[in-house]
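# Structure at a glance
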Amino acid sequence: MNISKLNNYCSFGKEPLLTCEIKQEPNKNKVQATLYKMEPHNLSDIEDIMYSKQTRCIQSDFLKSVQQRNPNKDFYILRNDRTKEVISCAQTSHHYRADQISRGFNTITFENPGLSTLIEEMNVNPNYVNGAEPLLAYIVKAARERFDSTVYTAFDQDVVPSLKRAKFTQTKLGEFFIPEKRYSILMDQAERRSQIEYLV
């Protein structure tokens, strides 16, 4: 029997990462939701990202990742299981963070050097109560499994008002981050509030 080699671009699509319950505005009814990691080389995942107004912040980089053989960013959407509406989405990347950099005559010193996850983009649907928390919990879980010392955001609290509630702290430079020692606090809090069940 002759078995042909799988193409490198072969993809099986979005991967479910966790299930949870989220309250819907304004009636506070709970809905079942699933968090997915999106695959840039899968046509249905491309359509899911491109045809939702809630994913506009990640659409451009997702399309760039379609062109790359090995994308260096991860894309996530938390979706209402019944209506398929996007509750929240995020784009992350993995970095080594130096303790300082020089720019001309200035030296910028960073807190928490070392391996880190950067949340580059994020959006939360206002029709849901605290729709970012399960997504943040998974990002922190993945960072812990990669031995990242911190998770940083590339945006401010205006984008995700619940960052402080999720145990993120603001640095002197205006960035928000959560150190490794608080990962389990965020995860436990999110698991309790949103009835999270991890699938991977």
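Described below are features of the structure shown in this document. Source: prediction; values computed, not measured. (Residues numbered from 1 in each chain as written. Predicted model: local features only at pLDDT ≥ 70, side-chain atom pairs only at ≥ 80, totals over all residues. Heavy atoms only, no water.)

The subject of this paragraph is the packing of helix 1 (residues 43-50) against helix 2 (residues 56-67). For any two helices packed against each other, one specifies the inter-axial angle together with the distance between the axes. Between helix 1 and helix 2, the shortest axis-to-axis distance is 10 Å and the interhelical angle comes to 160 degrees. Comparing the axis directions of helix 1 and helix 2 gives the class roughly antiparallel. When you trace helix 1 past helix 2, the crossing you get is left-handed. Along the contact surface, helix 1 presents Asp45, Ile46, Ile49 and Met50, while helix 2 presents Ile58, Gln59, Phe62, Leu63 and Val66. The residue inventory of the contact of helix 1 with helix 2, partitioned by class, reads 7 nonpolar, 1 polar and 1 charged. (Axes fitted to C-alpha atoms, helices over the stretch in contact; angles between N-to-C directions. Helix = DSSP H or I, 4+ residues; strand = E, 2+ residues; numbered from the N terminus. Parallel < 35°, antiparallel > 145°, perpendicular 65-115°, else oblique. Left-handed = near helix turned anticlockwise from the far one by under 90°. Contact = heavy atoms within 4.5 Å. Nonpolar A, V, L, I, M, F, W, Y, C, P; charged D, E, K, R; others polar.)

Mapping Leu115 onto the fold places it in strand 7 (residues 114-124). Given the relative accessible area of 36%, Leu115 is considered partly exposed. Note: C-alpha distance between Leu115 and His95 (20 residues apart in sequence) is 5.8 Å. For Leu115, the contacting residues outside a window of four places in its chain are His94, His95, Tyr96, Phe147, Asp148, Ser149 and Thr150. (Buried < 20%, exposed > 50% of the residue type's maximum accessible area, 1.4 Å probe, protein only.)

With respect to the helices and strands, Thr117 occurs in strand 7. When its relative accessible area of 1% is taken as the criterion, Thr117 is described as buried. Ignoring sequence-local partners within four residues, the contact set of Thr117 consists of Thr92, Ser93, His94, Ile139, Ala143, Arg146, Asp148, Thr150, Val151 and Tyr152.

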